[in-house]
Amino acid sequence: PLQGRSEKMLPRGTLLSLLLALALALVAATAHGRPVKGSLPIFEVSGTNYEVGKAIGTHFAAEFKAFMASFTYMNSQLLPFYQSPNGRQIVDHFLDTATRYFPDYVQEMQGMADGSGIPYEQIVLMNVQDEIFLIIQNNTNSSKLTEACSDIHVGGPNGEILVGHNEDGDAVDAAGSYILKANITGGGSFVAFCYPCVLPGNAFGFNSYQVGVSFNALFPKDVRLDGIPRQFVNRDLLDSYSVEDAMDRLLVGPIASGFSANLGSLAHGGSVNIEVAPGRYMNPLQIRRGSHYYHFNQYLRLLNVPRFPDISSDHRLARAQELPVPTDAAGIFNILGDNADKDYPIFRNGNPPDTDAVTLASALYNYNAGTVSIYQGNPKTVQPFAVFNLTTLSTTTA
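Computed from a prediction, not measured in an experiment: that's the story for all the values here.

Conventions used here
- Residues numbered from 1 in each chain as written.
- Predicted model: local features only at pLDDT ≥ 70, side-chain atom pairs only at ≥ 80, totals over all residues.
- Heavy atoms only, no water.
- Helix = DSSP H or I, 4+ residues; strand = E, 2+ residues; numbered from the N terminus.
- Buried < 20%, exposed > 50% of the residue type's maximum accessible area, 1.4 Å probe, protein only.
- Areas by Shrake-Rupley, 256 points an atom, 1.4 Å probe, with all protein chains shown as cover.
- Axes fitted to C-alpha atoms, helices over the stretch in contact; angles between N-to-C directions.
- Parallel < 35°, antiparallel > 145°, perpendicular 65-115°, else oblique.
- Contact = heavy atoms within 4.5 Å.
- Phe/Tyr/Trp six-rings, centres within 6.5 Å; stacked < 30°, edge-to-face > 60°.
- Pairing = 2+ DSSP bridges.
- pLDDT = per-residue confidence, 0-100.
- Salt bridge = Lys/Arg side-chain N within 4 Å of Asp/Glu carboxyl O.
- Left-handed = near helix turned anticlockwise from the far one by under 90°.
- Polar contact = N/O pair within 3.5 Å; in protein donor to acceptor, adjacent residues only side chain to side chain.

1. Some remarks on the overall build of the protein chain
Thinking step 1. Helix and strand counts for the protein chain come out as 11 helices and 16 strands.
Thinking step 2. Here the protein chain, with 398 residues, has 61% of them falling under the buried criterion.
Thinking step 3. Carbon and sulfur atoms make up 52% of the accessible area of the protein chain, which totals about 14,500 Å².

2. Describing the packing of helix α4 (residues 85-101) against helix α5 (residues 103-116)
Thinking step 1. Contact geometry for α4 and α5: axes closest at 5 Å, N-to-C directions at 120°. One way to sum up the angle between α4 and α5 is to call them oblique. Between α4 and α5, the contacting residues are Leu95, Ala98, Thr99, Arg100 and Tyr101 on the first element and Pro103, Val106 and Met109 on the second.

3. Side note on the packing of aromatic side chains
Thinking step 1. For the structure shown, the criterion picks out 17 aromatic pairs.
Thinking step 2. Ring geometry for Phe60 against Phe64: centres 5.9 Å apart, planes inclined by 15°, an arrangement best described as stacked. Here Phe60 and Phe64 have matching classes, each one buried.

4. What to know about the pairing of strand β11 (residues 281-287)
Thinking step 1. Among the 7 residues that make up β11, 7 are buried, leaving the element largely enclosed by the rest of the structure.
Thinking step 2. Going residue by residue along β11, you find Tyr281, Asn283, Leu285 and Ile287 tucked away on one face and Met282, Pro284 and Gln286 tucked away on the opposite face as well.
Thinking step 3. Where strand β10 (residues 270-277) lies against β11, 7 bridges are found, and the strand directions are antiparallel. Along β11, the bridge assignment pairs Ser271 with Ile287.
Thinking step 4. What sits between the antiparallel neighbours β10 and β11 is a turn of 3 residues, in which Gly279 has the positive phi angle 100°.

5. Side note on the environment of Gly111
Thinking step 1. Inspection of the secondary structure puts Gly111 in helix α5.
Thinking step 2. When its relative accessible area of 0% is taken as the criterion, Gly111 is described as buried.
Thinking step 3. Distance in space between the C-alpha atoms of Gly111 and Gly57 is 7.1 Å, their sequence separation being 54 residues.
Thinking step 4. Setting aside residues up to four positions removed in sequence, Gly111 forms contacts with Tyr50, Gly53 and Lys54.

6. Things to note about the confidence of the model for the protein chain
Thinking step 1. Across the protein chain, the average pLDDT comes to 89, with 89% of residues at or above 70.
Thinking step 2. Note that pLDDT drops below 50 for residues 1-38; the model gives that stretch 92 contacts with residues more than four away or on any other chain.

7. A word on the pattern of salt bridges
Thinking step 1. Inspection of the entire model under this criterion finds 11 salt bridges.
Thinking step 2. The partner of Arg249 in a salt bridge is Asp236, with the nearest N and O atoms 2.9 Å apart. Taken together, the residues Arg249 in helix α9 (residues 243-249) and Asp236 in helix α8 (residues 230-237) connect sequence positions 13 residues apart. Each of the two residues, Arg249 as well as Asp236, counts as buried.
Thinking step 3. The salt bridge involving Arg319 is made with Glu322; its shortest N-O contact spans 3.1 Å. Here Glu322 and Arg319 lie together in helix α10 (residues 311-322), a separation of 3 residues that amounts to about one turn.
Thinking step 4. Among the charged side chains, a network of salt bridges with common partners joins Asp168, Arg316, Arg348 and Asp354.

8. Quick word on unusual backbone geometry
Thinking step 1. Across the junction of Pro352 and Pro353, the peptide omega takes the value 5°, indicating a cis bond.
Thinking step 2. Considering the arrangement of structural elements, one finds Pro353 in the loop between α11 (329-336) and β13 (358-366).
Thinking step 3. Backbone geometry at Cys197 places phi at a positive 70°, although glycine is not the residue there.
Thinking step 4. A relative accessible area of 0% means that Cys197 is categorised as buried.
Thinking step 5. With a phi angle near 65°, Leu393 is a residue other than glycine that sits in the positive phi range.
Thinking step 6. Mapped onto the elements of the fold, Leu393 is located in the loop between β15 (386-389) and β16 (395-397).
Thinking step 7. Judged by relative accessible area, which is 2%, Leu393 ranks as buried.

9. Some points on the pairing of strand β5 (residues 178-184)
Two faces make up the sheet, and in a regular strand the side chains alternate between them.
Thinking step 1. With respect to burial, β5 is a largely interior element, 6 of its 7 residues being buried.
Thinking step 2. In terms of strand pairing, strand β2 (residues 42-47) meets β5 through 6 bridges, oriented parallel. Pairing of Gly47 across the sheet is with Ile184, part of β5.
Thinking step 3. Sheet topology places β5 next to strand β6 (residues 189-194); 6 bridges connect them, and they run antiparallel.

10. Considerations on the packing of helix α1 (residues 49-59) against α5
Thinking step 1. Where α1 meets α5, the axes come as close as 6 Å, and the angle between the chain directions of the two elements is 30°. Relative to α5, α1 is oriented roughly parallel. The element α1 and its partner α5 pack so that their crossing is right-handed. From α1, Asn49, Tyr50, Gly53, Lys54, Ile56, Gly57 and Thr58 reach across to α5, where they touch Asp104, Tyr105, Gln107, Glu108, Gln110, Gly111, Met112, Asp114, Gly115 and Ser116.

11. Here's the deal with α11
Thinking step 1. Among the residues of α11, Gly331, Ile332, Phe333, Ile335 and Leu336 are the ones counted as buried.
Thinking step 2. Elements that come into contact with the buried residues of α11 comprise β3 (150-155), β4 (161-169), β12 (291-295), α10, β13 and β14 (371-375).
Thinking step 3. Backbone nitrogen of Ala330 and a side-chain oxygen of the N-cap are separated by 3.3 Å at the start of α11; the cap is Asp328.

Encoded structure:
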């Protein structure tokens with residue numbers, strides 16, 4: 001039924017064309033956390049949204065500050081944008097919109113700032129950076145757009161439901177990234193790969209309702225200035241009760257930018273890829289038994305969406321289509337771990353010309369077995385350092 005769902009779109013509203021005149025020259029309280037040993041830090045925390053954010057900020061304060069010291073785009077692009085009159089107005093409006101729709105997640109940001117000692121404005125900028133970089137790119141062609149993440153869906157011949165994901169990010173992210181296991185007071189529990197100073201939700205994760213989600217960055221040229229920043233919408237999907245509930249959450253309000261969401265659950269009976277464009281514009285595709293699907297960092301179905309070119313994604317998709325069709329986990333790893341394209345490999349190493357990203361981690365969702373396995377290193381050759389149970393969210397670590 002999802003495969004035939006129609007696309008929905010609100011009036012475009014205020015789009016980036018209005019920005020061409022901008023002067024962009026350069027433009028734990030009751031929360032108790034405990035680290036778990038592993039290749040990536042696994043940090044478990046319980047409390048309200050604010051308490052969870054504060055516990056994260058407190059525990060990772062040194063790592064977050066070290067990240068900020070090395071994240072040159074904060075001083076070269078994000079802060080100059082925010083310090084311009086129009087830029088401040090745009091960011092403040094994004095924050096007002098996020099607060100109106102998702103006040104709990106704004107409290108998580110506030111807690112992260114309070115716990116880490118990093119200025120709140122910088123935490124906010126980290127969580128609206130996707131929209132800011134798109135705006136700057138449209139005006140100056142000098143922004144940071146990282147073509148990040150690869151997903152492989154398999155609907156196996158015997159009803160297997162598998163999704164594999166490569167989490168690609170800047171090399172500077174590696175030292176400050178972590179796995180979060182959060183138990184929200186009055187809400188649910190989830191596990192998510194997290195970037196420093198950023199809300200959970202824009203990488204990969206899963207929750208106690210046995211819903212898994214992972215994301216691929218997309219780069220539409222239009223930005224809805226009246227829309228909800230992507231990061232907050234992604235965070236909300238971690239709280240989904242079902243795949244259908246996640247679909248409904250994508251329609252809660254106009255979305256400022258775009259992304260690709262990969263969802264799955266055993267109860268749903270399969271996995272879904274959803275391409276999202278600015279506004280309320282989305283295209284879901286159900287991956288059924290006996291089929292497979294690849295998604296990287298370009299729109300494959302919403303072809304009418306103006307977007308920035310993405311050489312890496314073109315190469316990764318072409319290479320994936322050359323490899324044997326995956327029908328099981330080994331077939332997924334054969335693609336996610338491939339590095340035969342020396343210029344733009346699927347398993348990324350940050351070497352030129354593909355200097356934007358490295359593969360920080362990989363994940364395999366096996367919805368039939370009820371597990372999510374997380375890898376650091378090439379998933380073709382290494383064992384998972386953690387395997388989570390989708391029902392209990394408990395884990396075994398190597």
